[in-house]
Amino acid sequence: MYEAKACAVASPTSPFRSVTIERRDPTPHDVQIEILYCGICHSDLHQARNEWSAMPTVYPCVPGHEIVGRVTRVGSAVKDFEAGDLAGVGCLVDSDGTCPECQTHHEQFCPKAVYTYNSPDRHTGKVTYGGYSDSIVVDQRFALRIPANLDLAGVAPLLCAGITTWAPLRRQNVGKGQKVGIVGLGGLGHMGVKFARALGARVAVFTTTPGKAEDALRLGAHEVVISRDAGQMAKQAGSLDMILDTVSAVHDLHPYLACLKRDGNLTLVGAPDQPHGVSAFGLIFGNKSLSGSLIGGIQPTQEMLDFCGEHGITSDVEVIPVQRLDEAYERLLRSDVKYRFSIDMSSLRSA
Ligand code: NAP
Ligand code: ZN
């Protein structure tokens, strides 16, 4: 074991404090990474504040699953990484590797999946601690290769916001000739816009914040719809092949279902704790489907990163020091982030 520095909350209402945590020394299959940047996902806020009844938070909690950094040590059996390489870590740090889910690149659904934070840690007997830290140690199977041409602060959010939007867009075969709606222009939403556009689709952004309209167009949207304006919503009726809903709070899905074409699909990735009420009629008329999507497996995450390297895609980030974490969470709650906070982890040295 060795001591690492991290930022943790001690309860749902506590501010972040700098703490010392124990990390394992790399086993033969492990990679140790010095964390350079970590994105702030709205899931970090849900988890830090114990908002998910299905996943109670164990305190102290060190969030962070959008990790990019430099490899500092590798175990003797590690083949694909060496000290000095760039590496990324997303929402997963372990799985059994043998079950049908792992065999088909759906490690997130492995019964033994270990999440990057707030998951039982079989090495330490405690819980896993995430990327708001100066280092992390993970099994090599969960370390991702990072394209050399991309800005690292903007790469970090790809590890969750990137794959979470990429996977459902790919599953729905989004491409040329289709029209896609992205609901909510936050961390996930702005990546959804970039990917849907890069995949060749026509893109409409649905936002509650009129002040984001210009940015939506700059990020790649062809159209912007102010979702609280019934007139603007009515103009979209029956026009979309797919909608990706990234909203972090409960809201009415029916106005969006009405925007789908026949056989259209609404995929939920936003994860409020409370249920969305859905009328059967909203789906029956038009053979529409409602589905969900959880992050993505390791192979699709690598494919997404490689695609970003080829197309020069990164997240639009506001880089902050750890000293501004509490303020960043409050701004996230107000939908006031353009469009992802990325923590410069070197700031932890003076925390
Ligand atoms: P975020 O940056 O806070 O963005 C969420 C956006 O939703 C906001 O920017 C806002 O966009 C819109 N919004 C917020 N409150 C709203 C409300 N009351 N009514 C309507 N719109 C509202 O959050 P994020 O990091 O992108 O995460 C979004 C959600 O996805 C969270 O619930 C998170 O836990 C979840 N998530 C799920 C997965 C998965 O695997 N399924 C992975 C990561 C995150 P506008 O200002 O444009 O309206
Ligand atoms: Zn996330």
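As the structure is a prediction and not an experimental result, all values here were calculated from the model.

## Some details on the sheet that holds strand β11 (residues 223–226)
And then number 1: Strand order in the open sheet formed by 6 strands is β11-β10-β9-β12-β13-β14, and the pairing between neighbours is parallel. Both edges of this open sheet fall to β11 and β14 (289–292), since each of them pairs with a single strand only. Across the sheet, the axes of successive neighbouring strands diverge by a mean angle of 20°, strand direction being ignored.
And then number 2: On the sheet, helix α4 (residues 161–171) packs against β9 (179–183), β12 (240–245), β13 (260–268) and β14 and is oriented at approximately 155° with respect to β12.

## Focus: the pattern of salt bridges
And then number 1: Taken as a whole, this structure holds 20 salt bridges when the rule is applied.
And then number 2: In this structure, the salt-bridge partner of Arg 73 is Asp 25, at a minimum N-O distance of 3.3 Å. Linking Arg 73 in strand β4 (residues 67–74) with Asp 25 in the loop between β2 (17–23) and β3 (30–40), this pair joins segments that are 48 residues apart in sequence.
And then number 3: The partner of Arg 334 in a salt bridge is Asp 336, with the nearest N and O atoms 4.0 Å apart.
And then number 4: Overall, Arg 334 belongs to the exposed group, its relative accessible area being 56%.
And then number 5: A residue is classified by how much of its surface remains accessible, and Asp 336, at 26% relative accessible area, is partly exposed.
And then number 6: Each of Glu 318, Arg 324, Glu 327, Arg 331, Arg 334 and Asp 336 takes part in a single network of salt bridges with overlapping partners.

## Comments concerning the packing of aromatic side chains
And then number 1: For the coordinates displayed, the defined rule picks out 7 aromatic pairs.
And then number 2: Summarising the aromatic geometry, the rings of Phe 16 and Tyr 329 are spaced 5.2 Å apart at their centres and angled 75° between planes, so their arrangement reads as edge-to-face. Residue Phe 16 is found in the loop between β1 (2–8) and β2, and its partner Tyr 329 is found in helix α11 (residues 325–333); the two are separated by 313 residues along the sequence. As far as burial versus exposure is concerned, Phe 16 and Tyr 329 are alike and both buried.

## Quick word on the nonpolar core
And then number 1: Leu 169, Val 193, Phe 195 and Met 304 are the most contacted members of the largest nonpolar core, which has 51 residues in total.
And then number 2: Elements with a contribution of two residues or more to this core: α3 (152–155), α4, β9, α5 (187–198), β10 (202–207), α6 (213–219), β12 and α10 (298–311).
And then number 3: Each of domain 1 (2–160 + 296–350) and domain 2 (164–292) contributes no fewer than three residues to this core.
And then number 4: Excluding residues that lie within four positions of it along the chain, Met 304 makes contacts with Leu 158, Gly 162, Ile 163, Trp 166 and Phe 195.
And then number 5: Formed by 44 residues, the second largest nonpolar core is a distinct cluster that contains Ile 35, Val 89, Ile 320 and Leu 325.

## Concerning the site of ligand 1
And then number 1: Around ligand 1, a shell composed of 29 residues is seen, among which Thr 207, Thr 208, Thr 209, Lys 212 and Arg 340 lie nearest.
And then number 2: Backbone polar atom of Gly 187 to an oxygen atom of ligand 1: 2.9 Å apart, as the coordinates give it.
And then number 3: Between ligand 1 and the protein, one listed contact pairs an oxygen atom with a backbone N or O atom of Leu 188 at 2.8 Å.
And then number 4: Compared with its free state, where it exposes 920 Å², ligand 1 has 91% of that area covered by protein.

## Focus on the coordination of the zinc ion (ligand 2)
And then number 1: Of the protein atoms, only Cys 41 (SG), His 65 (NE2) and Cys 160 (SG) coordinate the zinc ion (ligand 2), at distances of 2.0 to 2.2 Å.
And then number 2: Positions of the donor residues of the zinc ion (ligand 2) along the chain correspond to the pattern C-x23-H-x94-C. With His 65 in the loop between α1 (42–48) and β4 and Cys 160 in the loop between α3 and α4, this pair connects stretches of sequence that are 95 residues apart. Just as His 65 is buried, Cys 160 falls in that class too.

## Observations regarding the layout of surface pockets
And then number 1: Volume-wise, the second largest pocket comes out at about 300 Å³.
And then number 2: Arg 23, Arg 24, Asp 121, Thr 128 and Tyr 129 are the residues nearest the centre of the second largest pocket, which is lined by 22 residues in total.
And then number 3: Sorting the residues of the lining of the second largest pocket by element identifies β2, β6 (92–94) and β8 (135–139) as the ones contributing at least two each.

## Here's the deal with the domain arrangement of the protein
Frequently, the measure chosen for interface size is the accessible area that the parts lose on association.
And then number 1: Taken domain by domain, the protein comprises domain 1 (2–160 + 296–350) and domain 2 (164–292).
And then number 2: Placing the centre of domain 1 and that of domain 2 at their C-alpha centroids yields a distance of 27 Å.
And then number 3: Contact with domain 1, which involves 19 residues of that partner, is made by 19 residues of domain 2.
And then number 4: Taking both sides of the interface into account, the surface hidden between domain 1 and domain 2 amounts to around 1800 Å²; carbon and sulfur atoms contribute 58%.

## Here we look at the environment of Glu 214
And then number 1: Here Glu 214 lies in helix α6.
And then number 2: What makes Glu 214 exposed here is its relative accessible area of 68%.

Cut-off values and rules
- Residues numbered from 1 in each chain as written.
- Chains lettered and ligands numbered in written order.
- Predicted model: local features only at pLDDT ≥ 70, side-chain atom pairs only at ≥ 80, totals over all residues.
- Heavy atoms only, no water.
- Pairing = 2+ DSSP bridges.
- Helix = DSSP H or I, 4+ residues; strand = E, 2+ residues; numbered from the N terminus.
- Axes fitted to C-alpha atoms, helices over the stretch in contact; angles between N-to-C directions.
- Contact = heavy atoms within 4.5 Å.
- Salt bridge = Lys/Arg side-chain N within 4 Å of Asp/Glu carboxyl O.
- Buried < 20%, exposed > 50% of the residue type's maximum accessible area, 1.4 Å probe, protein only.
- Phe/Tyr/Trp six-rings, centres within 6.5 Å; stacked < 30°, edge-to-face > 60°.
- Core = buried A, V, L, I, M, F, W, Y, C linked by side-chain atoms within 4.5 Å.
- Domains from an automatic or database assignment.
- Near = heavy atom within 4 Å.
- Polar contact = N/O pair within 3.5 Å; in protein donor to acceptor, adjacent residues only side chain to side chain.
- Areas by Shrake-Rupley, 256 points an atom, 1.4 Å probe, with all protein chains shown as cover.
- Donors = N, O, S within 2.8 Å, 3.2 Å for Na, K, Ca; no water.
- 1 Å grid on protein atoms, 1.4 Å probe; cavity = no way out; pocket = protein on both sides within 12 Å on 5 of 7 lines; lining within 4 Å.
- Points joined across faces, edges and corners; volume = space filled by probe spheres on them.
- Buried area = accessible area lost by both parts, 1.4 Å probe.

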